[in-house]
Amino acid sequence: MKTVSENRCFGGVQGVYSHASQVTGCDMTFGLFLPEEAETNVVPVIWYLSGLTCTHENAIVKAGAQRWAAEMGVAVVFPDTSPRGEGVANDAAYDLGQGAGFYVNATEAPWKPHFRMWDYVTDELPRLLFNAFPLAEEAQAIIGHSMGGHGALTIAMSFPGRFRSVSAFAPICNPTASDWGRKQFAAYLGTDEASWAAHDATLLMKKRGFDGPMLIDQGTADQFIDLLRPEALAGAMAERRQGGAFRMQKGYDHSYFFVSTFMEEHVAFHAAALHG
């Protein structure tokens, strides 16, 4: 692992690091904010999964999570959204290829050799982080925005007991029924739609739900709301009587202005679960 940069931030350190990934077959970069408490103790950690077109950097500079994480004594990790570099397959469209990993393991050409973001985020990167940094493996939470919200919800529901809480900003809620999902799943996973169900938050909610508190914020003025299908997940949560909150925030769009507005509440929500 190489240190790209480390900057003092709200009493803690905002770092950026790179490493050679065996899972994706290329170099990967991630950000990690450590609060001041990490200088002397292990600290809880929140995973932040970003959306389409983002790298590890977008949320670091736009979401405003560090201030609240510092106040509440939690770390925040910011993975990249896809493999990158020469030799890594790509597409001219913004919603496929580099920057659009969709947090799945691709089984189809030309994506299969590198696009294994599910294994990267759920296995390889956690092993690296917990070996290299003072993070409490037993105290994890996860947040995501848009495509990252899809990733956060599906990962949280697929690993019972790993995450104490999950939240999302404008997640892609029902990708098997949306052009933000069907296009990518067909490309990465093939045309057998049965294999897509494991990566659909609405279907997972109906099947198993989440074993902890949930918080979801969706802007009513989101320009992509028809692709996100929030009503599908909200209905599945109500049908299952899932503990949590699904909030429609009047007038907010899909941008980081929306994310940063409610970031304090999301970090506080997770800190309450992480600190017990």
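The model shown is predicted, which means the values in this text are computed figures rather than measured ones.

Trainee: Mind laying out the packing of helix α2 (residues 65-72) against helix α9 (residues 256-275), listing which residues take part and the relevant values?
Mentor: One way to put it is that α2 packs onto α9 with a least axis distance of 9 Å and a crossing angle of 30 degrees. When the axis of α2 is compared with that of α9, the two are roughly parallel. Our pair here, α2 against α9, has a crossing hand that is right-handed. Across from A65, W68, A69 and M72 in α2, the residues of α9 making contact are M263, E264, V267, A268, A271 and H275. By residue class, the composition of the contact of α2 with α9 is eight nonpolar, one polar and one charged.

Trainee: Hey, could you go over the pattern of salt bridges for me, with residue numbers and the actual values?
Mentor: Tallying each qualifying case throughout the model produces 10 salt bridges. One salt bridge connects R182 with E193, and the closest N-O pair in it is separated by 2.6 Å. Placement of the pair is R182 in helix α5 (residues 179-189) and E193 in the loop between α5 and α6 (201-207), with a sequence separation of 11 residues. Taking relative accessible area as the criterion, E193 reaches 40% and is therefore assigned partly exposed. E231 is the partner of R229 in a salt bridge, and the nearest nitrogen-oxygen pair spans 3.8 Å. Salt bridges linked by common partners bring D217, R247 and E265 together as one network.

Trainee: Which residues make up the layout of surface pockets, and what values do they have?
Mentor: The volume enclosed by the largest pocket comes to roughly 260 Å³. By residue class, the composition of the lining of the largest pocket is six nonpolar, eight polar and one charged.

Trainee: Explain the side chain of H19 to me, and be specific about the residues and the numbers.
Mentor: Note that H19 resides in strand β2 (residues 12-21). Look at H19 and you get buried, because its relative accessible area is 7%. Setting aside anything within four residues of it in sequence, one finds H19 in contact with M1, C26, D27, M28, F30, Y120, E124, L125 and L128.

Trainee: Can you break down the packing of aromatic side chains residue by residue, with the values?
Mentor: The final tally for this structure, using the stated rule, is 14 aromatic pairs. The interplanar angle of 35 degrees and the centroid separation of 4.9 Å between the aromatic rings of W180 and F224 together place this pair among those described as tilted. With W180 in helix α5 and F224 in the loop between β8 (214-219) and α7 (225-228), this residue pair connects regions lying 44 residues apart in the sequence. For the ring pair Y252 and F262, a centre distance of 5.0 Å and an interplane angle of 70 degrees mean the geometry is edge-to-face. Of the two residues, Y252 is situated in the loop between β9 (245-249) and α9 and F262 in helix α9; the sequence distance between them amounts to 10 residues. The class for Y252 is partly exposed, based on a relative accessible area of 29%. Given a relative accessible area of 7%, F262 falls into the buried group.

Trainee: Can you tell me about the sheet that holds β9, naming the residues and giving the values?
Mentor: Spatial ordering of the open sheet is given by β1-β2-β3-β5-β4-β6-β7-β8-β9, a layout of nine strands whose pairing is mixed. Edge positions in the open sheet fall to β1 (2-9) and β9, since each of these has one partner strand only. Taking the axes of each pair of neighbouring strands and ignoring which way they run, one obtains an average angle of 20 degrees across the sheet.

Trainee: Help me get a handle on the environment of W180, residues and values and all.
Mentor: A relative accessible area of 4% means that W180 is categorised as buried. Setting aside residues up to four positions removed in sequence, W180 forms contacts with L52, Y94, D95, F102, S146, I172, P175, F224, L227, L228 and H254.

Trainee: Could you give an account of α5, with specific residues and numbers?
Mentor: Taken as a whole, α5 has its buried residues at W180, G181, Q184, F185, A187, Y188 and L189. Down the axis of α5, the smallest arc covering the buried residues is 165 degrees, so these residues share one side. Of the surrounding elements, those touching the buried residues of α5 are α4 (147-158) and α7. Just past α5, the residue G190 takes up positive phi, approximately 95 degrees.

So, how was this worked out
Residues numbered from 1 in each chain as written. Predicted model: local features only at pLDDT ≥ 70, side-chain atom pairs only at ≥ 80, totals over all residues. Heavy atoms only, no water. Axes fitted to C-alpha atoms, helices over the stretch in contact; angles between N-to-C directions. Helix = DSSP H or I, 4+ residues; strand = E, 2+ residues; numbered from the N terminus. Parallel < 35°, antiparallel > 145°, perpendicular 65-115°, else oblique. Left-handed = near helix turned anticlockwise from the far one by under 90°. Contact = heavy atoms within 4.5 Å. Nonpolar A, V, L, I, M, F, W, Y, C, P; charged D, E, K, R; others polar. Salt bridge = Lys/Arg side-chain N within 4 Å of Asp/Glu carboxyl O. Buried < 20%, exposed > 50% of the residue type's maximum accessible area, 1.4 Å probe, protein only. 1 Å grid on protein atoms, 1.4 Å probe; cavity = no way out; pocket = protein on both sides within 12 Å on 5 of 7 lines; lining within 4 Å. Points joined across faces, edges and corners; volume = space filled by probe spheres on them. Phe/Tyr/Trp six-rings, centres within 6.5 Å; stacked < 30°, edge-to-face > 60°. Pairing = 2+ DSSP bridges. Arc of directions from axis to C-beta.

All quantities given are derived from atomic positions and should not be read as evidence of function.
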